[in-house]
Amino acid sequence: MEDQMILLKELQGLDQKLNAIGQDQRKLETEREGIDAEVVRIREMVASLEGSISELEEQRSQLRLALDQEQANIEKSEGRLPEIKTQKEYLAVLKEVDTAKKLNKDLSDQIEAKNAEIAALTEEATEKQQSLTEMEEQISVRCGEIEEALKSFEQTRQGLVKERDSQIKPLSRDLQRRYRLLMERRAGVAVVEARNGTCLGCNMHLPPQLFNSLFLAQEIKTCPHCSRLLYVVKED
Ligand SMILES: [Zn+2]
């Protein structure tokens, strides 16, 4: 029985190391996911800015077309003026030209406004693109570190798994099963020391008879409170 308890204690030590490595791996993976998400977020921001810019540019070229057309109309009307015979018609054409000029002024103002909007968005997009480029440099360094760390964790993990496999083999099926269930249900601690009549897993007092029987180590005993497998450290 003592041999089995020794094996179980060592097995638990390996499992705890494996758990710790698993946590470290997950932490790094989470960090990497966060980095990836941030890059995607900024890329999407840049893309959306670029989309807005080309939309504005399209609107601006429509306005420019309208302005050109209106300008051509003005020139055409003004060209007709010298040929006009009646005062009434003359005034009518002048009025037409005046209206067209007002419209042109309005179109020019709208084009100016689009220019300003485009310039502002372009500046913003350039800034975002720059910070993205800087970020990508830092990120590639950090991701390289993460990659290396994950690789070395994985190597350690595989070594531990092998060790664990050979450790668990000599244990009876029943004991393996009890151990596994306890690991799951008792926060990764299945095997605990009993000291001064107390279970160090749950800190409850053990019946004296049970505690004393642990020193004989004739069979594997469990804590009546937390069901963990108990051992005692014998002083020489
Ligand atoms: Zn206990």
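Residues numbered from 1 in each chain as written. Predicted model: local features only at pLDDT ≥ 70, side-chain atom pairs only at ≥ 80, totals over all residues. Heavy atoms only, no water.

With reference to specific residues and values, describe the overall build of the protein chain.
Along its length, the protein chain carries 4 helices and 4 strands. Ordered by position in the sequence, the α and β elements of the protein chain form the string α-α-α-β-β-α-β-β. Against the globule reference of 18 Å for 236 residues, the protein chain gives a C-alpha radius of gyration of 41 Å, more extended than a compact globule. Viewed in the frame of its principal axes, the protein chain has a C-alpha envelope of about 130 × 35 × 30 Å. For the protein chain, contacts bridging at least 24 residues in sequence account for 70% of all contacts bridging at least 6. Carbon and sulfur atoms make up 50% of the accessible area of the protein chain, which totals about 15,700 Å². Taken as two groups, the 35 positive and 45 negative side-chain charges of the protein chain have centres that lie 8 Å from each other. (Helix = DSSP H or I, 4+ residues; strand = E, 2+ residues; numbered from the N terminus. Rg over C-alpha atoms; globule rule 2.2 N^0.38 Å. Contact = heavy atoms within 4.5 Å. Areas by Shrake-Rupley, 256 points an atom, 1.4 Å probe, with all protein chains shown as cover. Lys, Arg positive; Asp, Glu negative; His and termini not counted. Charge placed at Lys NZ, Arg CZ, Asp CG, Glu CD.)

I'd love a proper account of a nonpolar patch on the surface, names of residues and values included.
Among the surface-exposed residues, Tyr90, Leu91 and Leu94 lie close enough to one another that they form a single nonpolar patch of about 260 Å² accessible area. Checked against the element boundaries, Leu94 lands in helix 2 (residues 87–168). On the basis of relative accessible area, Leu94 is assigned to the partly exposed category, the value being 36%. (Patch = residues over 30% accessible without salt bridge, like charges linked within 9 Å, V, L, I, M, F, W, Y side chains within 5 Å. Salt bridge = Lys/Arg side-chain N within 4 Å of Asp/Glu carboxyl O. Buried < 20%, exposed > 50% of the residue type's maximum accessible area, 1.4 Å probe, protein only.)

Give me the UniProt feature "domain: C4-type zinc ribbon" (unreviewed entry) in the protein chain: which residues, what numbers.
In the UniProt entry, the feature "domain: C4-type zinc ribbon" (unreviewed entry) is given for residues 198–230. Split by type, residues 198–230 is 21% helix and 18% strand. Its first and last C-alpha atoms lie 10 Å apart. (UniProt positions renumbered as here; feature names shortened; annotations may be inferred.)

Outline the coordination of the zinc ion, listing residues and values.
Around the zinc ion, the protein supplies Cys199 (SG), Cys202 (SG), Cys223 (SG) and Cys226 (SG) as donor atoms, at distances of 2.2 to 2.3 Å. One way to put it: the 4 donor atoms around the zinc ion meet at angles of 105 to 114°, and that makes the site tetrahedral. Ordering the donors of the zinc ion by residue number gives the pattern C-x2-C-x20-C-x2-C. Judged on exposure class, the residue Cys223 and its partner Cys226 are both buried. (Donors = N, O, S within 2.8 Å, 3.2 Å for Na, K, Ca; no water. Tetrahedral: all angles 85-135°; square planar, octahedral: opposite > 155°, others 65-115°.)

How would you sum up the pattern of salt bridges? Please name residues and give values.
Per the stated rule, a full pass over the model turns up 15 salt bridges. In this structure, the salt-bridge partner of Arg43 is Glu136, at a minimum N-O distance of 2.6 Å. Placement of the pair is Arg43 in helix 1 (residues 2–80) and Glu136 in helix 2, with a sequence separation of 93 residues. Under the relative-accessibility criterion, Glu136 is labelled partly exposed at 28%. The salt bridge involving Lys101 is made with Glu78; its shortest N-O contact spans 3.2 Å. Of this pair, Lys101 sits in helix 2 while Glu78 sits in helix 1, and the two are 23 residues apart along the sequence. For Lys101, a relative accessible area of 44% gives the class partly exposed. Its relative accessible area of 32% is what places Glu78 among the partly exposed residues. Taken together, the salt bridges that share partners define one network made up of Glu31, Arg142 and Glu145.

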